Structures are given as C-alpha cells and as structure tokens.
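Commentary on secondary and tertiary structure
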Amino acid sequence: KIWIAVEGRKRTSSSSRWGLADWDLSSMDHSMPPASSLGGYEADERLAARHATTLAEESWRSLCTANASTFVAAERRTVQIQRSLKDLLSKIEAETKPSTRRVSKALDPKYQPGDDEDEAEEGEEIKPATELLADLAEKHRLRRRTLMQHSSLLELLELPSLMDACVRSSLYEDALSIAGFANTLERRHLMERSEEKQSAEDEERGKRGDVVAGVVSEIRRREADLRRMLINRLRGDVTMPQCLEVVTALRRLNGVELERRNNSTNKSGDDLEGVHAAMEMRLQVDFLEARDAWLESGIAKIGSAAAAVAATSSSADKGGASAQSEQILDGIERYRTRCFEIVTQFLAIFRGSLAPSASDDSQDHSFSLLSMWTARRVQSFLTSLSSNMSLYVHDTATLRDSLDSASFFASSMGRVGADFQPLLAPIFEPRLTEMIVGHWAEGLSGMVEILKACRDAGIAGPLVGAETSTTAPPNGGSTDGPEMTQ
C-alpha cells in the first residue's frame, strides 16, 4: 500500500509537471504489479544502499589513511598543550596562593595577628584590610595614570634617538633644544627627588625615576657626539658665517652644561663665573687646534723636495728653476692666506664676545693665547722657509720673488699685530751672500782654467806691447793708446 501511494504521488507530480493532468487516465491499468516484481525492486534498493555504505566506508578509510600524520600530530599537540596549561595553572596557583591567603586573612574580621604559624615563616606582615585595599587602589591609580601617559612616555623614550638623528643631519638648533629639555627633566624628576629621598618609601619612589635617568644619560652621550662633530667641522674649509654658527652652537652647548652645574650648586657651591671662564678658554683652545689642523692639512711643506721634484719632472721642458720658484711662491701665498684667515676669525668671534664689563684677566688670556699660536706658526714658517731657501733657491730671481712674497706675508700679519719683517733679513742675507760668493768663485775658477789653457798652448806672452810711445808723433797728432801685439 505504501508503495502504491508513493507511486501514485510520483505519477501525479510527473503528470502535472509534463502537462499530463488533462489526459484520460481511465483507460490506464491500475492493477497491482505482481509480487515477484515487488520483491525484486526491494532487493535492488537494499543492494544499492549496501553498496553506497561500502563506498562511503572505503572513502573514509582512505581519507584517514592519507591524513594519518596530521591526526597524530594534532593529537600530540593537544596533549602537549594540555600539559602546558596544567603547568601554568599550577605555577599561577603556587605564586598567588600566599597573596590570596594574606588577602583572605586581611579581609577576615576575626583574624588576629600572630594566630597563624605560617605568618612567621613567610616573613611578611599581614596588613589590615583598609591599608591593603588603599595600597592596591594607589597602585591601580598609578598604573592607570601610566597607561594614560603612554604616548608621552614613548616620546620621552625616543628623545635620544631623535637627538642622534638631529646630530647626524646637522640640525644643531633642534639637538640643543633636546639637550636643554634634558636639563629640565633632570631638575624636575631627579634633583628634587634626590634631595627629598630620606626614607625607604622615598627610595621606592626614587626607583620610578630610573627611566628618566636613563634618558638623560643617553642624551648626555649625544651631547659629547655633538661637540666632537662641531669641532671636527672646524677642521675643514669653513667660511666666516659657518665658523660663527659652529662656535655659537658650542657656546650654547657650554651653556647647557653650565645650567646643569647650576642645578647642583646648592650643595657643591661651585664658582659659576670661574667655570664659565674655563669653558670659554677651552673653547678658544679647541678652535685654534681645529683650525691649526686645517692649516697643516691644506698646505704642503713649502718647497718640499717631493713637490719640487714633481714640478720639475712635469715641466722639464719649461725649466726646473721656474717650477721650483712657482712651487715656493704658491706655498708662501697659501700659508699667508690661511694664517691671516684664522687670526681674523679668532679676533672677530672671541674679541667681540668679551663684554665691556669683563675682567682684564680674561682678555689677557684670550690675547695671550692668540699671540702664542701666532708666534708658533710664524716660527714654523720661518724655519721651513730657511730650509727651502738653502735647498731649492739657486738664482737671484727666485730669491727676489720669495723675499717679496714673504715681506707681503709679514706686512699682512702686521695688520693684526704680528709683523715679522725684521726676521726675514737673517734668512735672505746669508743666502744672497752665499750666491754672490758662489758666482765669484765660479768666475774665478773659470778664469784660472782659461789662463792655464792659454799657458799650455804657448800664448802666455804679454797681451800689451812692452814699449809704448810717450812722445807726440811728428805730425803733432796724439797717440791712440798702447800698441797691441799681434
């Protein structure tokens, strides 16, 4: 019956789908199929279902076999994670158990200190509930404030790297601003706390300034790098505005250090004026040392042997003497230009920086320092010039040109109070005398050789007649002179 009903529904739906609802189905045979055909259909359904089940089991087994390693690895990871979680839970429980016990005891109104024997073993005093909660609330408040200032703290920690970038990019103003801000941080967060730190509680609070102290120390290292970079820049060829900019940055850096010393003068009692004078003197010394290195690196030894030989070999067809002369004159000119530039820069920067109310001692120290440097450079120049005059000057024209260049150098330095023209005479006079004596000796030796050759050739007789007419000729004419022998 069930089969007949299902078949009828199927036929009805199929007839309505294919437009067979209007057909005359009275002639169709609605008789039941024979029992043998029904049994065969049911047997076919069971076989098909059994076959599908077998295929599904085989597919599932092949899938499991193909991914067996994945299943095994997942099982092992699961066991490992479970073990790790158990260890973590046991560790957390072991670490928090004493705290939980203390909190529960502190919150217990019936608890009395000294009742528990474990309290002496733990070595920590159990505080009352109100004090414990107040302490926890304070810690929570501090952590919330720290979280709210998270961006500011990140900016604070980035200050050393920011200053390093400014130093590498030659942004001196920004780097000095960061250095001044480091003094402000030190004064607000380290100086006051170090003065007020007296108890253990203050020491605990002092530990909170470790971050600020680390940032300040890193900035101090960057300040040393900035100072080295500025001084190294003075070792190159810089103009007057650039030199003034570098010296101004160095002075501001000294001002930052002086401000840091001023923050700690309450206890140390340092003489700030003396410290400032020492810093200014040190700045002048660094300036002269750096510019002196530039002077030494920019000029070769005047008329050095290597330069003279190179010039002679490169212009052999033009004459070695002219090449040597040009080399010596060029060396004197470069020496003059650089020395005068250094002295002018020093006077323009440091003499103008002295206030009218400044002490005479500071001015004397500044001028004495410049005087010592100028005297040393002039003495070095004269020593080098003397050695080169005796080695590479062999004609009077080169000697004359060298004397003119050296005299112009001395007169130029005379405009800054360092005229050394009287020191040139002991260098050029002996060389001129030596050249003249050499030429006379060379001529005399040549004449002696000629006379010797004439005597050896048999023509060593008198060149002028032995007898000369001392009386007037008969025609009253005058004599024309001694008679020459043939």
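This structure is a prediction, so every number in the text was calculated from the model and none was measured.

Before going further, it helps to examine the overall build of the protein chain. Across its full length, the protein chain holds 18 helices and 0 strands. For the protein chain, the proportion of contacts with a sequence separation of at least 24, taken over those separated by at least 6, is 68%. As presented, the protein chain carries roughly 33300 Å² of accessible surface, and 56% of it is formed by carbon and sulfur atoms.

This part is about the pattern of salt bridges. Overall, the coordinates contain 22 salt bridges when judged by the stated rule. With a closest N to O distance of 3.1 Å, Arg168 and Asp164 form a salt bridge. Placement of the pair is Arg168 and Asp164 together in helix H7 (residues 159-168), with a separation of 4 residues, close to one helical turn. What makes Arg168 exposed here is its relative accessible area of 66%. Look at Asp164 and you get partly exposed, because its relative accessible area is 22%.

Once that is clear, we can look at a nonpolar patch on the surface. Among the surface-exposed residues, Ile81, Leu85, Leu88 and Ile92 lie close enough to one another that they form a single nonpolar patch of about 370 Å² accessible area. Mapped onto the elements, Leu85 comes out in helix H3 (residues 68-107). The class of Leu85 is partly exposed, set by a relative accessible area of 49%.

Let us look at the side chain of Arg222. Mapping Arg222 onto the fold places it in helix H10 (residues 210-233). Not counting residues up to four positions away in its chain, the partners in contact with Arg222 are Pro160, Met163, Asp164 and Val167.

Our next topic: unusual backbone geometry. It is generally the case that most residues other than glycine have a negative phi and that most peptide bonds are trans. Phi is positive for Ser170, close to 60°, though the residue is something other than glycine. Position of Ser170 relative to the elements: it lies in the loop between H7 and helix H8 (172-196).

A few words on the packing of H10 against helix H11 (residues 240-263). Look at H10 against H11: their axes get within 10 Å of each other, and the N-to-C directions meet at 155°. When the axis of H10 is compared with that of H11, the two are roughly antiparallel. Like other packed secondary-structure pairs, H10 and H11 cross with a definite hand, here left-handed. Facing Arg220, Glu223, Leu226, Arg227, Leu230, Ile231 and Arg233 of H10, the residues of H11 in contact are Gln242, Glu245, Val246, Ala249, Leu250, Leu253, Asn254, Val256, Glu257 and Arg260. Its residues placed into classes, the contact of H10 with H11 shows 8 nonpolar, 2 polar and 7 charged.

What follows is about the nonpolar core. Among the nonpolar cores identified, the biggest contains 66 residues, and Phe287 and Phe420 are the most heavily contacted of them. The biggest single contributor to this core is helix H15 (residues 320-351), with 10 residues. Dropping the residues within four chain positions of it, Phe287 is found in contact with Leu234, Cys243, Val247, Ile342, Gln345, Phe346, Ile349 and Phe350.

Here the distance between the centres and the angle between the planes together describe a pair of aromatic rings. Under the defined criterion, the tally for this structure stands at 8 aromatic pairs. A ring pair is formed by Phe287 and Phe350, whose centres lie 5.4 Å apart and whose planes are at 70°; its orientation type is edge-to-face. Here Phe287 is found in helix H13 (residues 272-298), whereas its partner Phe350 is found in helix H15, with 63 residues between them in sequence. Across this residue pair, the class does not change: Phe287 and Phe350 are buried. Taken together, a centroid distance of 4.8 Å and an interplanar angle of 40° make the contact between Phe346 and Phe350 tilted. Of the two residues, Phe346 and Phe350 both sit in helix H15, 4 residues apart, roughly one turn of that helix. You'll find Phe346 and Phe350 in the same group, each marked buried. Taken together, the aromatic side chains of Tyr335, Phe381, Phe409 and Phe420 make up a single cluster linked through ring pairs.

For the rest of this paragraph, the subject is the packing of helix H17 (residues 396-414) against helix H18 (residues 425-456). Two packed helices can be described by the angle between their axes and the distance between those axes. The geometry of H17 relative to H18 is characterised by a closest axis approach of 11 Å and an angle of 170° between their N-to-C directions. Here H17 is positioned roughly antiparallel relative to H18, judged by the angle of their axes. Facing H17, whose interface residues are Thr396, Leu399, Ser402, Leu403 and Ala406, H18 presents Phe428, Arg431, Leu432 and Met435.

With 32 residues, H18 ought to run about 46 Å at 1.5 Å a step, and its terminal C-alpha atoms sit 46 Å apart, in line with that. The positive-phi residue at the C-terminal boundary of H18 is Gly458, with phi of around 85°.

This part takes up the side chain of Asn183. One can find Asn183 in helix H8. Given the relative accessible area of 0%, Asn183 is considered buried.

In this model, H10 (24 residues) spans 35 Å end to end at C-alpha, consistent with the 34 Å of a helix rising 1.5 Å per residue. Within H10, burial applies to Val212, Val215, Val216, Ile219, Arg220, Arg222, Glu223, Leu226, Leu230 and Ile231.

Rules used in this analysis
Residues numbered from 1 in each chain as written. Predicted model: local features only at pLDDT ≥ 70, side-chain atom pairs only at ≥ 80, totals over all residues. Heavy atoms only, no water. Helix = DSSP H or I, 4+ residues; strand = E, 2+ residues; numbered from the N terminus. Contact = heavy atoms within 4.5 Å. Areas by Shrake-Rupley, 256 points an atom, 1.4 Å probe, with all protein chains shown as cover. Salt bridge = Lys/Arg side-chain N within 4 Å of Asp/Glu carboxyl O. Buried < 20%, exposed > 50% of the residue type's maximum accessible area, 1.4 Å probe, protein only. Patch = residues over 30% accessible without salt bridge, like charges linked within 9 Å, V, L, I, M, F, W, Y side chains within 5 Å. Axes fitted to C-alpha atoms, helices over the stretch in contact; angles between N-to-C directions. Parallel < 35°, antiparallel > 145°, perpendicular 65-115°, else oblique. Left-handed = near helix turned anticlockwise from the far one by under 90°. Nonpolar A, V, L, I, M, F, W, Y, C, P; charged D, E, K, R; others polar. Core = buried A, V, L, I, M, F, W, Y, C linked by side-chain atoms within 4.5 Å. Phe/Tyr/Trp six-rings, centres within 6.5 Å; stacked < 30°, edge-to-face > 60°. Expected span 1.5 Å × (residues − 1).

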